[in-house]
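Chains, contacts and geometry: an overview
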Amino acid sequence: MFDKILIANRGEIALRVLRACKELGISTVAVHSTADADAMHVRLADESVCIGPPPSKDSYLNIPALLAACEITGADAVHPGYGFLSENARFAEILADHNLGFIGPKAEHIRLMGDKIEAKKTAKRLGIPVVPGSDGAVTSEADALAIGREIGFPVLVKAAAGGGGRGMKVAHTEADLALALSTAANEARSAFGDASVYLEKYLQKPRHIEIQILGDGRGGAIHLGERDCSLQRRHQKVWEEGPSPVLAAAARARIGETCAKAMRDMKYLGVGTIEFLYEDGEFYFIEMNTRIQVEHPVTESITDIDLVLEQIRIAAGGELPAKQSDIAIIGHAIECRINAENPQTFRPSPGRITQFHPPGGLGVRIDSAVYQGYVIPPYYDSLVGKLIVHGKTRGECLMRLRRALDEMVVDGIETTLPLFRALVREPDIIEGDYHIHWLEQYLAGQPPDAAK
Ligand code: MV4
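Since the structure is predicted, the reported quantities are computational estimates derived from the model, not experimental observations.

The rules behind each value
Residues numbered from 1 in each chain as written. Predicted model: local features only at pLDDT ≥ 70, side-chain atom pairs only at ≥ 80, totals over all residues. Heavy atoms only, no water. Buried < 20%, exposed > 50% of the residue type's maximum accessible area, 1.4 Å probe, protein only. Helix = DSSP H or I, 4+ residues; strand = E, 2+ residues; numbered from the N terminus. Pairing = 2+ DSSP bridges. Near = heavy atom within 4 Å. Polar contact = N/O pair within 3.5 Å; in protein donor to acceptor, adjacent residues only side chain to side chain. Areas by Shrake-Rupley, 256 points an atom, 1.4 Å probe, with all protein chains shown as cover. Domains from an automatic or database assignment. Phe/Tyr/Trp six-rings, centres within 6.5 Å; stacked < 30°, edge-to-face > 60°. Lys NZ or Arg CZ within 6 Å of the ring centre and 35° of its normal. Contact = heavy atoms within 4.5 Å. Axes fitted to C-alpha atoms, helices over the stretch in contact; angles between N-to-C directions. Parallel < 35°, antiparallel > 145°, perpendicular 65-115°, else oblique. Nonpolar A, V, L, I, M, F, W, Y, C, P; charged D, E, K, R; others polar. Core = buried A, V, L, I, M, F, W, Y, C linked by side-chain atoms within 4.5 Å. Expected span 1.5 Å × (residues − 1). 1 Å grid on protein atoms, 1.4 Å probe; cavity = no way out; pocket = protein on both sides within 12 Å on 5 of 7 lines; lining within 4 Å. Points joined across faces, edges and corners; volume = space filled by probe spheres on them.

1. Considering the pairing of strand β6 (residues 155–159)
- For β6, the buried fraction is high: five of the five residues fall into the buried class.
- Going residue by residue along β6, you find V155, V157 and A159 tucked away on one face and L156 and K158 tucked away on the opposite face as well.
- Here three bridges tie β6 to strand β7 (residues 169–171), and the two strands are oriented antiparallel to one another. Bridge assignment links L156 to a residue of β7, and that residue is V170.
- Of the pairings in the sheet, the one linking β6 to strand β8 (residues 197–201) comprises five bridges and is antiparallel in character. Bridge pairing links K158 to Y198 in β8.

Given below as structure tokens:
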């Protein structure tokens, strides 16, 4: 096991990692920018090192400064959290070159899944269902037209180097295809320096359902069920829940086992998430994330497995926490991402939190690094905290969530709490009847399309 872990992150995820380290008896090193000197992760860690000025590229993304911090403190491993360097294959390799552990997957798997075309080819080869489309990049308009006719319109042109929805264009008919191709390629070139695009059948009203997996790097892997993350705004998840309101146990076992088998075949190491679009009872692979995700507490709540702690154990060469047959889905969990933003315009609202009262009670968890008097700096993401509620049933979970949201106080800044207080009272949300476009339609003041 590691003796001392450097946490290359900030905010609630830095605290989350710290908690797992404490339970494992591992010493912790916090790193921080000059803007984060008063941050909670700095206070709670055993040691801390200032690694640079506020901009992320000069601090939390500054690899030489992080290596120096490891050297100074004698840390023997780095936990990257999410975002920042968590999916940087080069960083994982550099750490290995310096005899430092990286708490994450093998560098080759990070690199593979970072390339959307290669990821899709790999998924297909491993038996994971993918969206019908081109085999790799499309190189001419004529090829694209032939593929479009084969899979049927509408089609979606996606950037190979994309992700997070950037560089995507829908072609509703054959007549739209040429413009969609050139626009997507141009956007991809300027955004990523890579103009390669590929084609997929456009799914009109799918849900976003992702499978959590855990691999030991030696050919053992299990799945921990799914999270439904369909409620998003501008490709930012807002509300995540598990199990999905639309997935039966048999369907979960089937897609879960397909994912676990694929991870066994590739000897995947650590935690990972396989993202799917789900429409008319079918799963279609879109991406794989090779990091711990923001919404991991949903899965922790319904499986009673500490994903961050297990991530650390596995990175140190340990065993998986359970056999697949020992994993059970217990009740229902919902996570709300509470951001420091105007609840209508979503404009960031940094500043001092004058009053802070987190809700409590049975089934209520808050993952947050803020405190009363804390000043949210303007340089980083606007997450104030995550409210995660668990119940025996979805109904009980919603009941507790409504109560917890009403009880929570965050004053001095604007937050998205009012949005969640409205959402938990929306009939479609109560029914679980939503899809990936539901939230944007709702926020635009349109009655959202029915899910089916
Ligand atoms: C799609 C799609 C429809 N059809 N692919 C958006 C981000 C990227 N990760 C995948 N995305 C999509 N891919 C096909 N073939 C619709 C989306 C999409 C989306 C996906 C998940 C969650 C929210 C979304 C919002 C808009 C579009």
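2. Quick look at the site of the ligand
- Near the ligand lie 17 residues; those nearest to it are K158, E200, K201, L203 and E287.
- With respect to the ligand, the side chain of K158 contributes an N or O atom lying 3.0 Å from a nitrogen atom.
- The fraction of the free accessible surface of the ligand (520 Å²) that becomes covered by protein chains is 91%.
- Elements with a contribution of two residues or more to the shell around the ligand: β6, β8 and β13 (282–289).
- Counting residues domain by domain, the shell around the ligand receives three or more from each of domain 2 (132–201) and domain 3 (207–443).

3. Focus on the packing of aromatic side chains
- Applying the stated criterion to the full structure yields nine aromatic pairs.
- Pairing Y60 with Y380 gives two aromatic rings, centres 5.6 Å apart and planes at 85°, and the pair type is edge-to-face. Within this pair, whereas Y60 is found in the loop between β3 (47–52) and α3 (63–73), its partner Y380 is found in the loop between β18 (375–376) and β19 (383–391), the two being separated by 320 residues in sequence.
- A residue is classified by how much of its surface remains accessible, and Y60, at 0% relative accessible area, is buried.
- Relative to F283, the ring of Y278 lies with its centre 4.6 Å away and its plane at 50°, an arrangement referred to as tilted.
- Between R43 and the ring centre of Y371, over which it is positioned, the NZ or CZ distance is 4.6 Å.
- It is R207 that lies over the ring of Y434; its NZ or CZ is 4.3 Å from the centre.

4. What to know about the environment of F192
- Of note, F192 is situated in helix α8 (residues 177–192).
- For F192, a relative accessible area of 23% corresponds to the partly exposed category.
- The spatial distance from the C-alpha of F192 to the C-alpha of R425 is 41 Å, given a sequence separation of 233 residues.
- Setting aside residues no more than four positions away along its own chain, F192 makes contact with A159, A161, G162 and R166.

5. A closer look at the sheet that holds strand β4 (residues 77–79)
- Pairing is parallel across the open sheet formed by five strands, whose spatial order is β3-β2-β1-β4-β5. Because the sheet does not close on itself, it has two edges, and the strands there are β3 and β5 (101–102).
- Pairing geometry for strand β2 (residues 27–33) and β3, over five bridges, is parallel. Paired with V29 across the strands is E47, a residue of β3.
- Here α3 sits on the sheet and contacts β1 (4–7), β2, β3 and β4; the angle it forms with β3, its principal contact strand, is near 155°.

6. Points about the environment of Q293
- Within the secondary structure, Q293 is located in the loop between β13 and α10 (296–303).
- The sequence separation of Q293 and Q212 amounts to 81 residues, and the corresponding C-alpha distance is 9.5 Å.
- Once residues lying within four places of it in the same chain are set aside, the contact partners of Q293 are Y82, E210, R227, K237, T273 and E275.
- Separated by 2.4 Å, the side chains of Q293 and T273 make a polar contact.

7. Looking at the packing of helix α4 (residues 89–97) against helix α5 (residues 107–114)
- As a packed pair, α4 and α5 sit with axes 8 Å apart at the nearest point and diverge in direction by 170°. What the angle tells us is that α4 and α5 run roughly antiparallel. Note on element contacts: α5 touches α4 through A107, I110 and R111, opposite A89, R90, A92 and E93.
- Taken together, the residues of the contact of α4 with α5 break down into four nonpolar, no polar and three charged.

8. Observations concerning helix α6 (residues 116–125)
- Along α6, the residues that are buried comprise K116, I117, A119, K120, T122 and A123.
- Against the buried residues of α6 lie α5, β6, β8 and β13.
- The distance from a side-chain oxygen at the start of α6 to the backbone nitrogen of I117 is 3.0 Å, and the residue carrying that oxygen is D115.
- Phi turns positive, to about 90°, at G127, one or two residues after α6.

9. Let's talk about the nonpolar core
- Membership of the largest hydrophobic core comes to 35 residues, with the highest contact counts inside it found for W239, V384, L387, L401, V410, F420 and L423.
- Only β11 (236–242), β14 (332–339), β19, α12 (394–407), α13 (417–423) and α15 (438–443) provide two or more residues apiece to this core.
- Not counting chain neighbours up to four residues away, the residues in contact with L387 comprise I334, E335, C336, I338, P359, V364, R365, I366, L401, A404 and L405.
- I13, A20, I26 and Y82 belong to the second largest nonpolar core, which has 33 residues in total.

10. Notes on helix α1 (residues 11–24)
- With 14 residues, α1 should cover 20 Å at 1.5 Å per step; its first-to-last C-alpha distance of 21 Å lies within 8% of that length.
- By the criterion of burial, α1 is predominantly enclosed, with 10 of the 14 residues buried.
- Where α1 ends, the next residue or the one after it, G25, has phi of about 75°, a positive value.

11. Details of empty space enclosed by the protein
- Applying the stated criterion across every chain, the model contains one cavity of 30 Å³ or more.
- Here the largest cavity defines a volume of roughly 40 Å³.
- Surrounding the largest cavity, M113, A119, T122, A123, L126, I128, M263, M266, I274, F285 and M288 form its lining.
- Of all elements in the fold, only α6, α9 (249–266) and β13 reach the threshold of two or more residues within the lining of the largest cavity.
- Here the element with the most residues in the lining of the largest cavity is α6; it accounts for three residues.
- Across the lining of the largest cavity, the residue classes tally to 10 nonpolar, one polar and no charged.

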